[in-house]
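Chain residues, written in single-letter form:
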Amino acid sequence: GQSLEQPSEVTAVEGAIVQINCTYQTSGFYGLSWYQQHDGGAPTFLSYNALDGLEETGRFSSFLSRSDSYGYLLLQELQMKDSASYFCVLNRDDKIIFGKGTRLHILP
Amino acid sequence: GAVVSQHPSRVICKSGTSVKIECRSLDFQATTMFWYRQFPKQSLMLMATSNEGSKATYEQGVEKDKFLINHASLTLSTLTVTSAHPEDSSFYICSARFRDRSTDTQYFGPGTRLTVL
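Per chain, the residues get numbers from 1 upward, laid out in the order the sequence is written. Lettering for chains starts from A, numbering for ligands starts from 1, and both go in the order in which the items are written. A pLDDT threshold of at least 70 governs which residues receive local features in this predicted model, and a stricter bar of 80 or more applies before side-chain atom pairs are shown or counted, although totals over entire chains, interfaces and linings include all residues. Computation of side-chain values covers all heavy atoms of the structure but excludes hydrogens and water.

Points about the interface of chain B and chain A
- A contact between two residues is defined here by any heavy atoms of the two lying within 4.5 Å. Counting residues at the interface gives 20 residues for chain B and 20 residues for chain A.
- Defined here as a combined quantity, buried area equals the accessible surface (1.4 Å probe) lost by two parts on assembly, summed across both. The junction of chain B with chain A conceals about 1,500 Å² of combined surface from both sides, 51% of it contributed by carbon and sulfur atoms.
- Take a side-chain nitrogen of Lys or Arg and a carboxyl oxygen of Asp or Glu: if they are within 4 Å of each other, that pair is a salt bridge. Our enumeration of links across chain B and chain A arrives at one salt bridge.
- Polar contacts, as used here, are pairs of N or O atoms within 3.5 Å; protein pairs need one atom able to donate a hydrogen and one able to accept it. Residues neighboring in sequence count only if both atoms are side-chain atoms. In this assembly, chain B and chain A are joined by nine residue pairs in polar contact (both at pLDDT 80 or more).

Remarks on the pairing of strand β3 (residues 19-25) of chain B
Residue and element names in this part refer to chain B.
- Residues Val-19, Ile-21, Cys-23 and Ser-25 point to one face of β3 and are all buried, whereas Lys-20, Glu-22 and Arg-24, pointing to the other face, are not buried.
- By this definition, two strands are paired if DSSP reports at least two bridges between them. Note on conventions: DSSP H or I runs of at least 4 residues are helices, E runs of at least 2 residues are strands, and numbering of each starts at the N terminus. One ladder, built from four bridges, connects strand β1 (residues 4-7) with β3; its direction is antiparallel. Pairing of Val-4 across the sheet is with Ser-25, part of β3. Between buried and exposed lies partly exposed: a residue is buried under 20% and exposed over 50% of the maximum accessible area for its type, with that area taken using a 1.4 Å probe on protein chains only.

Structural notes on the packing of aromatic side chains
- Only Phe, Tyr and Trp rings are paired, with Trp represented by its six-membered ring, and only when their centres lie within 6.5 Å; those with planes under 30 degrees apart are stacked, over 60 edge-to-face, the remainder tilted. All chains considered together, the criterion is met by 15 aromatic pairs over all chains.
- Both rings, one in A:Tyr35 and one in A:Phe98, keep their centres 5.7 Å apart while their planes meet at 35°; by these two values the pair is tilted. With A:Tyr35 in strand β4 (residues 31-37) and A:Phe98 in strand β10 (residues 96-98), this pair connects stretches of sequence that are 63 residues apart. Both residues of the pair, A:Tyr35 and A:Phe98, belong to the buried class.
- Measuring from centroid to centroid gives 6.4 Å for B:Phe67 and B:Tyr92, while their planes differ by 40°, and the two rings are tilted. Separated by 25 residues along the polypeptide, B:Phe67 in strand β7 (residues 67-73) and B:Tyr92 in strand β9 (residues 90-99) bring together distant segments of the chain.
- Relative accessible area serves as the criterion here: at 5%, B:Phe67 is assigned to the buried category.
- Ring-pair connections join several aromatic residues into one group, and the members of that group are A:Tyr35, A:Phe45, A:Phe87, A:Phe98, B:Phe34, B:Tyr36 and B:Phe108.
- Two conditions define a charge sitting above a ring: the NZ of Lys or the CZ of Arg must be within 6 Å of the ring centre, and it must be within 35 degrees of the ring normal. Over the ring of B:Phe67 we find B:Lys66; its NZ or CZ atom is 6.0 Å from the centre of that ring.

Remarks on the sheet that holds strand β1 (residues 3-5) of chain A
All names here are of chain A.
- Taken in spatial order, the five strands make up an open sheet running β1-β3-β8-β7-β6, and their pairing is antiparallel. The sheet terminates laterally at β1 and β6 (53-57), the two strands that pair on one side only. Strand-to-strand twist in this sheet, taken as the mean axis angle between neighbours without regard to direction, amounts to 20°. Inter-axis angles, ranging from 0 to 180 degrees, are taken between N-to-C directions of lines fitted to C-alpha atoms, where helices are fitted over the stretch in contact.

Topic: the nonpolar core
- Judged by nonpolar contacts, the single largest core of 24 residues is most densely connected at B:Trp35, B:Phe67, B:Leu79, B:Tyr92 and B:Leu114.
- Mapped onto this core, the elements with two or more residues apiece are β2 (10-13), β3, β4 (32-38), β5 (45-51), β7, β8 (76-81), β9 and β11 (112-116) of chain B.
- Beyond its immediate stretch of four places on either side in the chain, B:Phe67 contacts B:Arg37, B:Met47, B:Tyr58, B:Val62, B:Leu79, B:Thr80, B:Val81, B:Asp88 and B:Tyr92.
- Counting residues in each nonpolar core, the second largest holds 23 residues, with A:Val10, A:Ala12, A:Leu73 and A:Tyr86 among its members. Among buried residues, the Ala, Val, Leu, Ile, Met, Phe, Trp, Tyr and Cys ones that are joined through side-chain atoms within 4.5 Å form a nonpolar core.

Take a look at the structure:
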């Protein structure tokens, strides 16, 4: 089978850095993605890792290690607007599997 | 990013009626589109994978006769909730999948909030 684990909630301070971890079990996949969702809105794409290593997009970075079955999303210079849910997603040929999401709370 | 539209954004209907939700990919031709439902403060639950020109693939536990999916063109997929009941009230979201050698991205519609009275 396949599963994704990520923390249900994380709290950080405005201006700080936060890392949201994602561990997975799957029989096969070709990429790991991250999506952001604000309350009442639809998810929006943040990043995609097909290969091991770090992908950087502005304040957001994502990392993948296939040997460790592990990835993370790193958010820098946190802003209040970053308060949202973040989902790690396994990309397979036959389907896409969403994690349960991590709710990020940001304190002023 | 690409734009995916979804219509209607909100619908309230009586129990027993059918509701049709349209999902359009405006910027690219989407061979694959997905339909999700989401309950408050929960993750997205994949209902089905819609492939253009073929039958949808439903996830376990999703009734294909209740949730009819049609993907008649590369830019349009529809979800019809037949004989809706209050327990079908939820947030329904579609997405269009874009894949190339460097990315695999889903572009989501804005969602449809269905309330069945």
